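# Chain and residue survey
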Amino acid sequence: MKKTFAHSMILTLLILFMVYPAVADNKAPQKGETLPAFNLPIPKTSAEKAYLGLSGEGVFKIPQIKAKVVIVEIYSMYCPFCQKDAPGINELYHLIEKTPGLKNKMKIIGIGAGNTPFEVDTFKKTYQVPFPLFPDKDFTIHKACGEVRTPYFIVVKINDDGSHRIVHSQLGDYPGPEPFLDLVLKASELK
Amino acid sequence: MQTKKCIHWIGLVGLLSVLPFCQTAFATSDAFKENIYKGETLKPVDSKLMVNVGSQAPDFTLPSVAGGKMTLSRYRGGKNVVLSFVPAAWTPVCSDQWPGYNIIKGIFEQNDAILFGITVDNIPTLFAWTNQMGKLWFPVLSDFWPHGAVAKKFGVLRSDGVTERALFVIDKKGIIRYIDVHDINKRPPLEDLVGALEKLGK
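Residues numbered from 1 in each chain as written. Chains lettered and ligands numbered in written order. Predicted model: local features only at pLDDT ≥ 70, side-chain atom pairs only at ≥ 80, totals over all residues. Heavy atoms only, no water.

### Considering the overall build of chain A
This is how the line gets drawn: Under the DSSP-based scheme used, a helix requires at least four consecutive residues in state H or I and a strand at least two consecutive residues in state E, with every element numbered from the N terminus. Between buried and exposed lies partly exposed: a residue is buried under 20% and exposed over 50% of the maximum accessible area for its type, with that area taken using a 1.4 Å probe on protein chains only. Whether two residues are in contact is decided by their heavy atoms, any of which lying within 4.5 Å being enough. Residue burial considers only the protein chains on display, and all accessible areas are found by Shrake-Rupley using a 1.4 Å probe.
For chain A, the helix and strand inventory stands at seven helices and seven strands. Reading the helices (α) and strands (β) of chain A from amino to carboxyl end gives α-β-α-β-β-α-α-β-α-β-α-β-β-α. Out of the 191 residues in chain A, the part that is buried amounts to 51%. Long-range pairs, those at least 24 residues apart, make up 64% of the contacts in chain A with a sequence separation of at least 6. Of the roughly 9,500 Å² of accessible surface on chain A, a fraction of 58% belongs to carbon and sulfur atoms.

### Considerations on the pattern of salt bridges
Pairs can form between side chains of opposite charge whenever their charged atoms are close. Note the cut-off: Throughout this description, the term salt bridge denotes a Lys or Arg side-chain nitrogen within 4 Å of a carboxyl oxygen of Asp or Glu.
Counted under the stated rule, the structure contains 13 salt bridges over all chains. Across the pair A:Lys124 and A:Glu48 runs a salt bridge whose closest N-O atoms are separated by 3.1 Å. A residue pair is termed long-range when its members are at least 10 positions apart, and A:Lys124 in helix H5 (residues 117–127) and A:Glu48 in helix H2 (residues 46–52) qualify at 76 residues. In this structure A:Glu48 comes out as buried when scored by relative accessible area, which is 16%. Here B:Arg158 and B:Glu164 are joined by a salt bridge, their closest N and O atoms 2.9 Å apart.

### Description of the packing of helix H3 (residues 80–97) of chain A against helix H7 (residues 177–188) of chain A
In a packed pair of helices, the relevant descriptors are the angle between the two axes and the axis-to-axis distance. Residue and element names in this part refer to chain A. Our working definition: Angular values range over 0 to 180 degrees, each being the angle between N-to-C directions of two axes fitted as lines to C-alpha atoms, with helices fitted over their stretch in contact. Angular relationships are summarised with four words: roughly parallel below 35 degrees, roughly antiparallel beyond 145, roughly perpendicular across 65 to 115, and oblique for the angles in between. Left-handed describes a crossing whose near helix is turned anticlockwise from the far helix by less than a right angle; the clockwise case is right-handed.
Between H3 and H7, whose axes approach to 9 Å, the crossing angle comes to 60 degrees. Looking at the two axes, H3 sits oblique to H7. In the crossing of H3 with H7, the sense of the turn from one axis to the other is right-handed. Residues Gly88, Glu91, Leu92, Leu95 and Ile96 of H3 form the contact with H7, whose own contacting residues are Pro177, Glu178, Phe180 and Leu181.

### Re the pairing of strand S5 (residues 133–136) of chain A
Residues and elements named next belong to chain A. Counted only if it meets this: Strand pairing is assigned whenever DSSP detects at least two bridges linking the two strands. Consider the strands pointing away from the viewer: the crossover is right-handed when the path from the first strand over the helix to the second runs clockwise.
Judged from the four bridges that link them, strand S4 (residues 106–113) and S5 form a sheet pairing that is parallel. The residue bridging Gly112 from the neighbouring strand is Pro135, located in S5. At this point the chain moves from S4, through H5, to the parallel S5, and the crossover so formed is right-handed.

### As for the pairing of strand S3 (residues 69–75) of chain A
All names here are of chain A. Where burial is concerned, most of S3 is hidden: seven out of the seven residues are buried. Taking every second residue as pointing to the same face, both faces of S3 are buried, with Val69, Ile71, Glu73 and Tyr75 on one and Val70, Val72 and Ile74 on the other. In the sheet, S3 pairs with S4 via seven bridges, with the strands oriented parallel. Bridging from a neighbouring strand, Val72 pairs with Ile109 of S4.

### Looking at the side chain of A:Glu73
Within the fold, A:Glu73 resides in strand S3. What A:Glu73 contacts, discounting residues up to four positions off in sequence, is A:Ile89, A:Ile109, A:Gly110, A:Ile111, A:Pro151, A:Tyr152 and A:Phe153.

### Some remarks on the state of the cysteines
Residue and element names in this part refer to chain A. What counts here: The disulfide definition used here is simple: a pair of cysteine sulfur atoms within 2.5 Å.
Scanning all chains against the criterion turns up one disulfide over all chains. Residue Cys79 pairs covalently with Cys82 via a disulfide, S to S 2.3 Å. Classification of the bridge connecting Cys79 and Cys82 rests on its S-S torsion, roughly 85 degrees, and on that basis the disulfide is right-handed.

### Describing H7(A)
All names here are of chain A. What counts here: Take the residue count of a helix, subtract one, and multiply by 1.5 Å to get its expected span. The arc in question is formed by the directions pointing from the helix axis toward the C-beta atoms.
In this model H7 runs 16 Å from its N-terminal to its C-terminal C-alpha over 12 residues, within 8% of the 16 Å that 1.5 Å per residue would give. Here H7 has its buried residues at Pro177, Phe180, Leu181, Val184 and Ser188. Buried residues along H7 cover an arc of 100 degrees about the axis, so they all sit on one side. Its buried side turned inward, H7 meets S3, H3, helix H4 (100–103), S4, strand S6 (152–158) and strand S7 (164–171). Residue Glu189 follows H7 closely and has a positive phi angle near 55 degrees.

### Concerning the sheet that holds strand S6 (residues 165–170) of chain B
All names here are of chain B. On the basis of which strands lie adjacent, the open sheet formed by five strands has the order S5-S4-S3-S6-S7 and mixed pairing. Two strands close off the open sheet at either side, each with one partner strand: strand S5 (140–142) and strand S7 (176–182). Averaged over neighbouring strand pairs, the angle between their axes works out to 20 degrees when direction is ignored. Across the sheet, helix H5 (residues 123–131) touches strand S4 (113–119) and S5, and the angle it forms with S5 is around 155 degrees.

### Examining the confidence of the model for chain A
Filter applied, for reference: A score from 0 to 100, pLDDT tells how confident the predictor is in each residue.
Of all residues in chain A, 86% attain a pLDDT of 70 or more, and the chain-wide mean is 87. Every residue in residues 15–24 of chain A is under pLDDT 50, and counting partners more than four places away or in other chains gives 10 contacts.

### Looking at the confidence of the model for chain B
Per-residue pLDDT for chain B has a mean of 86; in total, 80% of the residues score no lower than 70. Under a pLDDT of 50 for its full length, residues 11–23 of chain B has, in the predicted model, 15 contacts with residues more than four places off or in other chains.

### Observations regarding the packing of aromatic side chains
Definition in use: Planes of paired rings set the category: under 30 degrees apart is stacked, over 60 is edge-to-face and the rest tilted, where pairs are Phe, Tyr or Trp rings (Trp by its six-membered ring) whose centres lie within 6.5 Å. A ring has a charge above it when a Lys NZ or an Arg CZ is no more than 6 Å from the ring centre and no more than 35 degrees off the ring normal.
One pass over the full model with this rule turns up 19 aromatic pairs over all chains. Centroid distance A:Tyr93 to A:Phe131: 6.3 Å. Interplanar angle 40 degrees. Geometry classified as tilted. One end of the pair, A:Tyr93, is in helix H3; the other, A:Phe131, is in the loop between H5 and S5, with 38 residues separating them in the sequence. Exposure class is identical for A:Tyr93 and A:Phe131. Each is buried. Each residue in the set B:Phe60, B:Tyr75, B:Phe85, B:Phe116, B:Phe154 and B:Phe168 is aromatic and connected to the rest through ring pairs, giving one cluster. In this arrangement the basic side chain of A:Lys84 is found over the ring face of A:Phe81, its NZ or CZ atom lying 5.1 Å from the centre. Positioned above the aromatic ring of A:Tyr78 is the side chain of B:Arg187, whose terminal nitrogen or guanidinium carbon lies 3.7 Å from the ring centre.

Rendered as structure tokens:
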């Protein structure tokens, strides 16, 4: 009987642990904080692996990206503003890539809130997105990020010791590639 | 001993029963600002289908937000037609569905298909709501009056007067080839609809 009790307790705790992230009142990532804990799959293509400085298979955490600053856009294929901003975010990528002092220091990734891999791929093809996009099919990351409206931008500064800090976050209001890059440079104090 | 075992299981079942009431996940676009009504998780399906895959689609004529009226049978012999019923304007998952279809006009064209978006809201409500989505390439139709009459013909009118979140793919002969009466709380994955469209030509 003790065994049964122990089993049901363990099972109950496991379920609570599973349910908790769905009901927890997470808040949107803010400046000064660290990122909520979540993993992303290591990209399959060698070009995307090279861009992020990752290798092998499995999962990674954003601070493992080989960069000083990572711009994370939480978006959705179904979001009109994300669609409207897509060409401008692509321009930001090209602006960074063609600036020698920034090319290897600043990276962009997108996380498709509630988007399946097919939906992420559709968005990538439609807007010819040149940087890696990751599906968040079950809204796991979106929930961890306080169910923010989209697009939501998070600028993460990664220190040499592997620690990281959010230096800027904003809901929508993408001002275009140059002003946004200025904002990121100021916030991250990247020289 | 049996009683205690039973209590454990009752506790477990009780806990599991909480799961369906966890708020449905959705990502609202900032395009709608704070104007999206956040309701509770609803009964996944609350109607009984009146049509089947393989049956002739019931014909209808409905007013369009862009003006004029659209008649389904007009497309017979010409185009495949996708009907996308969504429950209501200004609700989370619905506001999140048609903007996605708006960027895949090419997929519809490749499959010689057109799309009708349908809700039971009236034209002015649909006008204000769909304006937030950018310019839609497909007609949005109002099944407002007689209330939900078309949805009723297809068997997707719920008991509270809104429709199911349902997709119908109708071929050029007017035959229904695909039905997805989806859980109202969730957005249908795009790949399922695209898969159904791609099957039409085979």
